[in-house]
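Each chain is listed here by its residues.
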Amino acid sequence: MTKQTAEPVTIYHVAEQAGVSITTVSNALNRPDRVGADTLAHVLEVIDDLGFTPKAAAVSQARRGVGRIGVLTPFTSYASYRSRLVGVLEACEGQAVEVVLFDQQSVAEASSPLLSSLPVTGRLDGVLIMGLPLKDAMARRLAQRNVHAVLLDSFHRDLPSVNVDDEAGGHLVGKYLAGKGRRSFAYVSERQRSTKFLSQGQLRMRGFEKALTDAGLGHGAMRHVITSHDVAGGRRAAAAMIAADTLPDALLAHFDDIAAGLVSGLRAGGVRVPEDVAVVGYDGTEIADAMDITTVRQPFIESGRIACGLLLDQLTGKSRAVQHVTLPAELIIRSTA
């Protein structure tokens, strides 16, 4: 008597079960940005339920000797993540590892279509996710597909992570500025498009405001100014505050490019920095060094190296532990505050 084997699940089964076209399933796997968020979530759920493995993924799972890790982050939007990549590549030097880069437009987004589909495609053995929030469903999908993952500049209780203590960084700035006699403040950043996760900006603001409260200045001492995340955005924010006569004593920018624009815009408007208004940036990038801006330096290269090391340990079986590493931030005092 011949033993019958179960029919392998194909893309046709997925399309039929999901009630969509084969093209939609293909796009969900390969071009997820072309699929609506609800449809993408539905198709991926069906894929998980059926246990569908694309043909390319089956080949990947049979691969031996070479690991392929993906690095998913907003490289083109934030220079800081390119610095972290240096640490990642340092950790991979001499290893039998292929590094594949995936660009995500902004960390202000609440979700990433590309991140949602990557585990299903089977293209990767591991993924390093920088600065992007991770939902519980996504963490489960990574585990179900045996894709090792480490988070950098993000957090999920079930996955290893490396973060800089942003709340402490914001607190350093608030304590320093209050100690210099500043009494009114603004935090300048881009708009966060979702409140479903605790962002680095929220942590910095929380630490900043706590330091002001500790100094006896009260919750009303700080306000939040929204602009774009670039030098031009800093200039616009400075011009708007000058025009509205709402300049505080001190400004903390979400990161150095905004701070550079604030300094430029304030000086163009006849405002003395730091005599009239102090300006502090965040990150410790080259633009802050070039413009002599007081900033909070983050250990970018070190954080990338540590995070990739955790991922490599997962891939080689050296460690299965879920480690959460927190690195300190450092206040670098220069001429603008």
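Remember, predicted model here, so these are calculated numbers, not experimental data.

K.L.:
Provide a residue-level description of the sheet that holds strand β9 (residues 278-283), including the pertinent values.
P.N.:
With mixed pairing, six strands are arranged side by side in an open sheet as β7-β6-β8-β9-β10-β12. Strand pairing shows two members of the sheet lacking a second neighbour, β7 (222-226) and β12 (330-332), which therefore form its edges. Pairwise comparison of adjacent strand axes, ignoring direction, gives a mean angle of 20 degrees for this sheet. Pairing of strand β8 (residues 250-253) with β9, which is carried by three bridges, proceeds in the parallel orientation. If you follow Leu252 over to β9, its bridge partner there is Val280. Contacting β6 (185-189), β7, β8 and β9, helix α9 (residues 200-214) runs over the sheet at an angle of about 175 degrees to β6.

K.L.:
Pulling in residues and values, what's your account of the pattern of salt bridges?
P.N.:
Applying the stated criterion to the full structure yields ten salt bridges. Its salt-bridge partner being Asp166, residue Arg204 comes within 2.8 Å of it at the nearest N-O pair. Of this pair, Arg204 sits in helix α9 while Asp166 sits in helix α8 (residues 166-179); the two residues are 38 residues apart in sequence, bridging distant segments of the chain. Asp166 matches Arg204 in its accessibility class, with the two residues each being buried. Note that Glu330 is salt-bridged to Arg297, the shortest N-O span being 3.9 Å. In this pair, Glu330 sits in strand β12 while Arg297 sits in strand β10 (residues 294-297), placing the two residues 33 residues apart along the sequence. Classification of Glu330 by relative accessible area gives partly exposed; the value is 43%.

K.L.:
Summarise the packing of helix α5 (residues 79-92) against helix α13 (residues 300-316); cite the residues concerned and give the values.
P.N.:
Running from N to C, α5 and α13 point in directions that differ by 45 degrees, and their axes come no closer than 7 Å. As summarised for this structure, α5 and α13 are arranged oblique, according to the angle between their axes. As for how α5 packs across α13, the hand of that crossing is right-handed. Contacts from Ser80, Ser83, Arg84, Val86, Gly87, Val88, Glu90, Ala91 and Cys92 in α5 reach Phe300, Ile301, Ser303, Gly304, Arg305, Cys308, Gly309 and Leu312 in α13.

K.L.:
Lay out the nonpolar core with the relevant residues and their values.
P.N.:
Core analysis: the biggest nonpolar cluster contains 61 residues, and Leu128, Leu177, Leu251 and Leu262 have the highest contact counts within it. Non-local contacts of Leu251, meaning those with residues more than four positions away in its chain, are made with Ala186, Val188, Met241, Leu262, Leu266, Val277, Ala278, Val279 and Val280. Val127, Met138, Ala149 and Leu151 belong to the second largest nonpolar core, which has 14 residues in total.

K.L.:
For α8, give the residues involved together with the corresponding values.
P.N.:
Spanning 14 residues, α8 covers 20 Å between terminal C-alpha atoms, matching the ideal 20 Å at 1.5 Å per step. Residues of α8 that are buried include every one of Asp166, Gly169, Gly170, Val173, Gly174, Tyr176, Leu177 and Ala178, and no others. Following α8 by one or two positions, Gly181 adopts a phi angle in the positive range, close to 90 degrees.

K.L.:
Describe the packing of helix α10 (residues 231-243) against helix α11 (residues 256-268), listing the residues and the values that go with them.
P.N.:
At their nearest, the axes of α10 and α11 sit 6 Å apart, and the two run at 40 degrees to each other. Our classification of the angle between α10 and α11 gives oblique. Crossing handedness for the pair α10 and α11: right-handed. Residues Val231, Gly234, Arg235, Ala237, Ala238, Met241 and Ile242 of α10 form the contact with α11, whose own contacting residues are Asp257, Ile258, Ala260, Gly261, Leu262, Ser264, Gly265 and Leu266.

K.L.:
So, the packing of aromatic side chains: which residues are in play, and what are the values?
P.N.:
Enumeration over the complete set of coordinates arrives at one aromatic pair. Look at Phe185 and Phe208: their rings are 5.9 Å apart centre to centre, the planes differ by 90 degrees, and that puts the pair in the edge-to-face class. Here Phe185 is found in strand β6, whereas its partner Phe208 is found in helix α9, with 23 residues between them in sequence. Residue Phe185 is classed as buried on the basis of its relative accessible area of 1%. Taking NZ or CZ as reference, Arg204 lies 3.8 Å from the ring centre of Tyr282, over its face.

K.L.:
Please give an account of the sheet that holds strand β2 (residues 97-103) that cites residues and values.
P.N.:
One open sheet accounts for six strands, arranged β2-β1-β3-β4-β5-β11; its pairing is parallel. Pairing within the sheet leaves two strands with one partner each, and these edge strands are β2 and β11 (324-327). Direction aside, the axes of adjacent strands within the sheet are offset by 15 degrees on average. For strand β5 (residues 161-164) and β11, the ladder comprises four bridges, and the chain directions are parallel. Looking at the pairing, Val162 lines up with Val325 of β11.

K.L.:
Talk me through the pairing of β8; I want residue IDs and the actual numbers.
P.N.:
Side chains of β8 alternate between two faces, with Ala250 and Leu252 and Leu251 and Ala253 buried alike. As judged from the four bridges shared by β6 and β8, these two strands associate in the parallel manner. Each bridged residue has a counterpart across the sheet, and for Ala186 the counterpart in β8 is Leu251. Running through α11, the crossover from β8 to the neighbouring parallel element β9 is right-handed.

K.L.:
Pulling in residues and values, what's your account of unusual backbone geometry?
P.N.:
A cis amide bond links Val273 with the next residue in sequence, Pro274, at an omega value of 15 degrees. Checked against the element boundaries, Pro274 lands in the loop between α11 and β9. At Asp283, a residue that is not glycine, the phi angle is positive and equals roughly 125 degrees. By the secondary structure assignment, Asp283 is in strand β9. On the basis of relative accessible area, Asp283 is assigned to the buried category, the value being 4%.

Calculation notes
- Residues numbered from 1 in each chain as written.
- Predicted model: local features only at pLDDT ≥ 70, side-chain atom pairs only at ≥ 80, totals over all residues.
- Heavy atoms only, no water.
- Pairing = 2+ DSSP bridges.
- Helix = DSSP H or I, 4+ residues; strand = E, 2+ residues; numbered from the N terminus.
- Axes fitted to C-alpha atoms, helices over the stretch in contact; angles between N-to-C directions.
- Contact = heavy atoms within 4.5 Å.
- Salt bridge = Lys/Arg side-chain N within 4 Å of Asp/Glu carboxyl O.
- Buried < 20%, exposed > 50% of the residue type's maximum accessible area, 1.4 Å probe, protein only.
- Parallel < 35°, antiparallel > 145°, perpendicular 65-115°, else oblique.
- Left-handed = near helix turned anticlockwise from the far one by under 90°.
- Core = buried A, V, L, I, M, F, W, Y, C linked by side-chain atoms within 4.5 Å.
- Expected span 1.5 Å × (residues − 1).
- Phe/Tyr/Trp six-rings, centres within 6.5 Å; stacked < 30°, edge-to-face > 60°.
- Lys NZ or Arg CZ within 6 Å of the ring centre and 35° of its normal.
- Right-handed = clockwise from strand over helix to strand, strands pointing away.

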